[in-house]
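Residue-level structural notes
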Amino acid sequence: MNVTDQTLQTIDRVLRKAASKFTNDAENMPLTDIYLQVKQESGEILVFDDDETELTRCVVEDWIGNADEDFYTAVQPVLREGIRRNREILDNLPVLKPYSFVLIDEDRETVAELHLVDDDLLLLDGNLMEGLNEDLESFLDNLMQK
């Protein structure tokens, strides 16, 4: 998937706009995750809280009418990059920790956890753990043969 500057700017804008919806009231901080729903046909990104309240939406021009079968897989690194670029704002939302940024599909099913914000935990990227299952299975098979 080609990522243009316009696409990244649009993602930055939608993330900052969603962040602005949380007021800085220390006594009434919500306990919520932030859900990003990407619509493949319209190119829309919608942002919701746990109560399915829409925080904001925008259209990514480059994604309109995208028919790729692996669309949700392809948008994950783009959304993660947008979150990384806005991490200073997004990691300090007036929301009770831990909270996550979650990619959901049009049926509101979780596709991927994009980012976890917590003072005590570190979420490792899936690429770091890639192939671990195969390595463990190979190790166990080898161990069982001895």
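Please refer to the structure placed before this passage.
Owing to the predicted nature of the structure, the values given are computational and were not obtained by experimental measurement.

Taking 1.5 Å of rise per residue, 16 residues should cover 22 Å, and helix H1 (residues 5-20) covers 22 Å from first to last C-alpha, within 8% of that figure. Looking at H1, one finds that the buried residues are Thr7, Leu8, Thr10, Ile11, Asp12, Val14, Leu15, Ala18 and Ala19. The secondary structure elements touched by the buried residues of H1 are strand S1 (34-38), strand S2 (44-48), strand S3 (54-59), helix H2 (71-85) and helix H3 (87-90).

Let's shift gears to the pairing of S1. With five of five residues buried, S1 lies mostly within the body of the structure. Here S1 shows a buried face lined by Ile34, Leu36 and Val38 and a second buried face lined by Tyr35 and Gln37. Two elements, S1 and strand S4 (residues 99-104), share four bridges in a ladder whose sense is parallel. Looking across to S4, one finds that Tyr35 is bridged to Val102. Across four bridges, S1 lies against S2 in antiparallel orientation. Residue Tyr35 lies in a different strand from S2, and its bridge partner there is Phe48. Linking S1 to S2, which pair antiparallel, is a turn of five residues; within it Gly43 sits at a positive phi near 75°.

Per the stated rule, a full pass over the model turns up one cavity of 30 Å³ or more. In this model, the largest cavity occupies a volume close to 50 Å³. Along the walls of the largest cavity sit Leu15, Ala18, Ala19, Phe22, Ile34, Val47, Leu90, Leu93 and Phe101, which together make up its complete lining. Split into classes, the residues belonging to the lining of the largest cavity amount to nine nonpolar, no polar and no charged.

Take the nonpolar core next. The biggest cluster of nonpolar side chains holds 30 residues, and the ones touching the most others in it are Ile45, Trp63, Leu79 and Phe101. Contributions of two or more residues to this core are made by H1, S1, S2, S3, H2, S4 and strand S5 (110-117). Those residues in contact with Phe101 that lie beyond four places of it in its chain are Ile34, Leu36, Ile83, Leu90, Leu93, Ala112, Glu113, Leu114, His115 and Val117. Counting five residues, the second largest nonpolar core, distinct from the first, contains Leu46, Phe48, Val102 and Ile104.

Criteria and cut-off values
- Residues numbered from 1 in each chain as written.
- Predicted model: local features only at pLDDT ≥ 70, side-chain atom pairs only at ≥ 80, totals over all residues.
- Heavy atoms only, no water.
- Helix = DSSP H or I, 4+ residues; strand = E, 2+ residues; numbered from the N terminus.
- Expected span 1.5 Å × (residues − 1).
- Buried < 20%, exposed > 50% of the residue type's maximum accessible area, 1.4 Å probe, protein only.
- Contact = heavy atoms within 4.5 Å.
- Pairing = 2+ DSSP bridges.
- 1 Å grid on protein atoms, 1.4 Å probe; cavity = no way out; pocket = protein on both sides within 12 Å on 5 of 7 lines; lining within 4 Å.
- Points joined across faces, edges and corners; volume = space filled by probe spheres on them.
- Nonpolar A, V, L, I, M, F, W, Y, C, P; charged D, E, K, R; others polar.
- Core = buried A, V, L, I, M, F, W, Y, C linked by side-chain atoms within 4.5 Å.

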